[in-house]
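Coordinates in review
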Amino acid sequence: MIEVKDLTKYYGDKEGRFKALDNVSVSIKDGDFIVILGASGSGKSTFLNVISGLETIDAGSVSFDGHELSKMSEKELTKFRKDNTAYIFQQYYLLPHLNVEKNVRMGADLAGTKDFSSYLEAVGLKEKAKKFPSQLSGGEQQRVAIARALAKKPKVLFLDEPTGALDEKTGRAVLDYIIKLKEKLNFTMIMVTHNENIAQTADRIIKMNSGKIVDVSENAYKKDAYEIGW
Amino acid sequence: MVVSIKDTSKMLGVSIMTFCAVVVCNLFLNFYIDLKAIKDTVTDPFAVSMYEAQVMTSKVVCSLAGGCLALATIVLLFFYIKHYIDSHSKEIGILKALGYSDLKISKSFSLFSLSVFIGCLLGFGFSFILMRKFYELQNAGHYWEDIKIGYHPELFLLLVIVPTILYALFACVYSLSKLNRPCINLLKGIVKVKEKERDSKDRKDFVSEMRSSVLKSKKTLVFFIAFSAYCFSSMIQMSAHMDELASDFMGMMILSIGIVLAFTTFYISVSSVLFSNNKNIAMMRVFGYSASDCKRAVLDGYRVAAYIGFAVGSLYQYYLLKIMVEIVFKDIADVPEYNFDFKVFFITLAVFILLYEGTMLLYQKKIKNISLKEIMLE
Ligand SMILES: Nc1ncnc2c1ncn2[C@@H]1O[C@H](COP(=O)(O)OP(=O)(O)OP(=O)(O)O)[C@@H](O)[C@H]1O
Ligand SMILES: [Mg+2]
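Worth saying up front: this structure is predicted, and the values here are computed from it rather than measured.

Bringing helix α12 (residues 278-287) of chain B into the picture now. Three- or four-residue spacings in an α-helix give side chains the same orientation, since the helix completes a turn every 3.6 residues. Residue and element names in this part refer to chain B. Judged by how many residues are buried, α12 sits mostly within the fold: 9 of 10 residues are covered. Those residues of α12 that fall on the buried side of the exposure criterion are N278, N280, I281, A282, M283, M284, R285, V286 and F287. Backbone geometry just after α12 places G288 at a positive phi near 105°.

Once that is clear, we can look at the pairing of strand β9 (residues 204-209) of chain A. Residues and elements named next belong to chain A. In terms of strand pairing, strand β3 (residues 33-38) meets β9 through 5 bridges, oriented parallel. Looking across to β9, one finds that I36 is bridged to I206. Taken together, the 6 bridges between β9 and strand β10 (residues 212-218) define a ladder with antiparallel strand orientation. Each bridged residue has a counterpart across the sheet, and for I206 the counterpart in β10 is V216.

To continue, consider the packing of aromatic side chains. Evaluation of the coordinates by the stated rule reveals 38 aromatic pairs over all chains. Among the aromatic residues, those joined into a cluster by ring pairs are B:F232, B:F266, B:Y307, B:F310, B:Y318, B:Y319, B:F340, B:F342, B:F345, B:F346, B:F352 and B:Y356. The aromatic ring of A:Y10 is capped on one face by A:R17, whose charged end is 3.6 Å from the ring centroid.

Next up on the list: the pattern of salt bridges. Enumeration according to the criterion identifies 25 salt bridges over all chains in this entry. Here A:R204 ties to A:E218 by a salt bridge, and the two come within 3.9 Å at their closest N and O atoms. You can see A:R204 sitting in strand β9 and its partner A:E218 sitting in strand β10, a full 14 residues away along the chain. With relative accessibility at 61%, the residue A:E218 sits in the exposed group. B:R181 is the salt-bridge partner of B:D86, the closest N and O atoms lying 3.8 Å from each other.

Before going further, it helps to spend a moment on the nonpolar core. With 147 residues, the main nonpolar core has A:F47, A:I190 and B:F109 as its most contacted residues. Per-element tally for this core: the top contributor is helix α3 (residues 45-87) of chain B, with 16 residues. Every residue in contact with A:I190, bar those within four places of it in the chain, is listed here: A:I2, A:I28, A:I34, A:I36, A:L48, A:I51, A:V156, A:L157, A:F158 and A:L159. Membership of the second largest hydrophobic core comes to 41 residues, among which are A:L125, A:L136, A:L157 and A:L166.

Parameters at a glance
- Residues numbered from 1 in each chain as written.
- Chains lettered and ligands numbered in written order.
- Predicted model: local features only at pLDDT ≥ 70, side-chain atom pairs only at ≥ 80, totals over all residues.
- Heavy atoms only, no water.
- Buried < 20%, exposed > 50% of the residue type's maximum accessible area, 1.4 Å probe, protein only.
- Helix = DSSP H or I, 4+ residues; strand = E, 2+ residues; numbered from the N terminus.
- Pairing = 2+ DSSP bridges.
- Phe/Tyr/Trp six-rings, centres within 6.5 Å; stacked < 30°, edge-to-face > 60°.
- Lys NZ or Arg CZ within 6 Å of the ring centre and 35° of its normal.
- Salt bridge = Lys/Arg side-chain N within 4 Å of Asp/Glu carboxyl O.
- Core = buried A, V, L, I, M, F, W, Y, C linked by side-chain atoms within 4.5 Å.
- Contact = heavy atoms within 4.5 Å.

Take a look at the structure:
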């Protein structure tokens with residue numbers, strides 16, 4: 001359970017101060033699939049970074065199963081991230097000098113996962129285990145990033161535009177992987193996108209504009225990755 | 001063009017090295033030339049043997065300090081160029097895609113020798129500040145009349161102009177060899193990765209995997225970390241004996257050169273490891289690896305190199321001094337045999353361990369402060 005109350009976040013100092021999040025409140029249940037939707041610059045990534053404990057806040061609170069993130073020490077935050085969260089970025093951020101298998105181990109080791117190759121299998125990349133990131137296509141790299149995040153067995157998976165750099169075909173396939181794995185493993189999933197169609201796959205849609213949440217709606221017509229428009 | 005003056009200003013390490021090299025070489029070479037000029041006036045047999053000893057020392061010190069530092073400078077220069085090309089591969093790729101030839105791009109790398117020029121020039125000037133004192137000390141026993149300091153323009157040519165031109169050439173040729181990569185690889189920032197696959201059974205944990213890959217991707221830094229430990233160990237131990245063998249002044253000079261060199265090379269190496277692993281560290285932190293895990297993954301691999309460098313430095317200074325004592329004082333009776341000084345060795349080692357491990361802990365703090373958002377800034 002993630003509880004966000006009256007959250008405000010500024011960027012910059014006094015003169016050039018910019019309110020990136022303005023009095024945001026929302027609560028997210030375990031096992032929820034949330035999509036955060038909004039135009040570029042509306043504060044989606046900032047929101048994601050704040051609730052995942054990557055960024056500090058200026059006012060309000062973010063608590064995770066009753067523990068307030070802003071009160072945690074650096075050490076506790078590290079442990080929190082280790083035990084609970086995984087992150088998938090638009091730009092993958094694989095480690096370039098390590099092969100696919102070792103990249104996945106980065107997540108697996110933290111959770112003590114021994115059979116990390118099953119995660120590679122799940123994203124269909126078992127054959128490419130010994131390849132390096134630069135030898136893979138964008139979609140394949142993103143799938144490695146997904147395997148790496150899932151091998152960590154997170155309670156909450158954060159995704160920032162995971163299909164933003166992919167074409168329609170690969171994008172759908174990657175999205176499909178993620179959604180299927182979510183249904184199987186039942187973690188909480190919070191995904192940022194600016195694409196209204198992708199939002200149709202979620203349980204709940206949070207709409208943001210200029211740093212504010214303008215709408216939270218249950219998604220009655222949940223679709224899968226191949227039913228949505230692109 | 002590609003390389004700007006601002007980029008060369010980051011090469012302080014090269015300037016410091018050449019500065020040290022030129023200070024030492026100019027002191028001894030200038031003295032050597034002036035000493036040669038008075039050869040005929042020295043007649044007393046004892047003075048003659050002292051005279052010869054000093055001529056010999058000048059030669060040995062010059063070739064050792066000069067040679068060693070010149071070599072280290074070359075490696076450092078190459079390292080900077082490689083680092084520059086790696087971190088600017090996109091810009092260089094674009095230039096190549098636009099049709100700039102490798103030669104044209106590589107020419108701009110000769111600008112890097114500006115830092116050599118500055119170091120040499122300052123070193124040359126600075127050595128004249130020390131010169132008077134140095135001449136006095138070399139003749140502390142008044143074996144011969146005081147030598148006037150001569151000014152030798154050929155030394156300026158040899159120690160300032162020639163190195164600058166040579167290093168400019170090195171920079172061009174080396175960068176040319178590094179630029180010879182397909183344009184697309186530069187644009188995409190593709191790194192060449194070769195790796196022999198181990199048997200899948202002997203899997204280490206991720207942090208050790210990461211450590212060995214960081215080591216492999218930055219082999220030059222292994223050399224520099226070892227080199228900095230080597231400088232530290234050899235120069236400090238050597239300086240402890242200079243008061244008996246030469247003079248306090250020499251001791252101080254060697255000590256300060258050793259410390260300056262050790263710290264600059266060490267700082268450059270460790271900073272560059274961290275810089276080039278910034279994103280990887282941030283990613284590890286996002287995943288929940290602690291700062292000490294990151295330090296283990298990125299920095300601990302160099303520890304062995306550091307201690308090996310230290311050991312080599314200790315042996316080197318012992319044999320060097322032993323040989324020097326044998327050559328320089330060969331005609332002088334009653335020179336005690338030169339033995340390995342364990343007391344100095346252990347003190348230096350203790351200081352080294354404290355400094356090395358302490359600095360590593362400081363860097364761990366630095367890792368903690370790497371912004372996790374770092375990776376999101378492309
Ligand atoms: N480090 C920063 N310093 C100052 N302002 C920032 C910083 N990061 C983001 N901003 C500003 O905060 C606002 C929200 O940024 P954010 O990255 O959250 O937007 P976003 O909704 O994710 O947009 P996009 O869809 O383009 O990724 C933007 O106006 C941006 O300019
Ligand atoms: Mg964003």
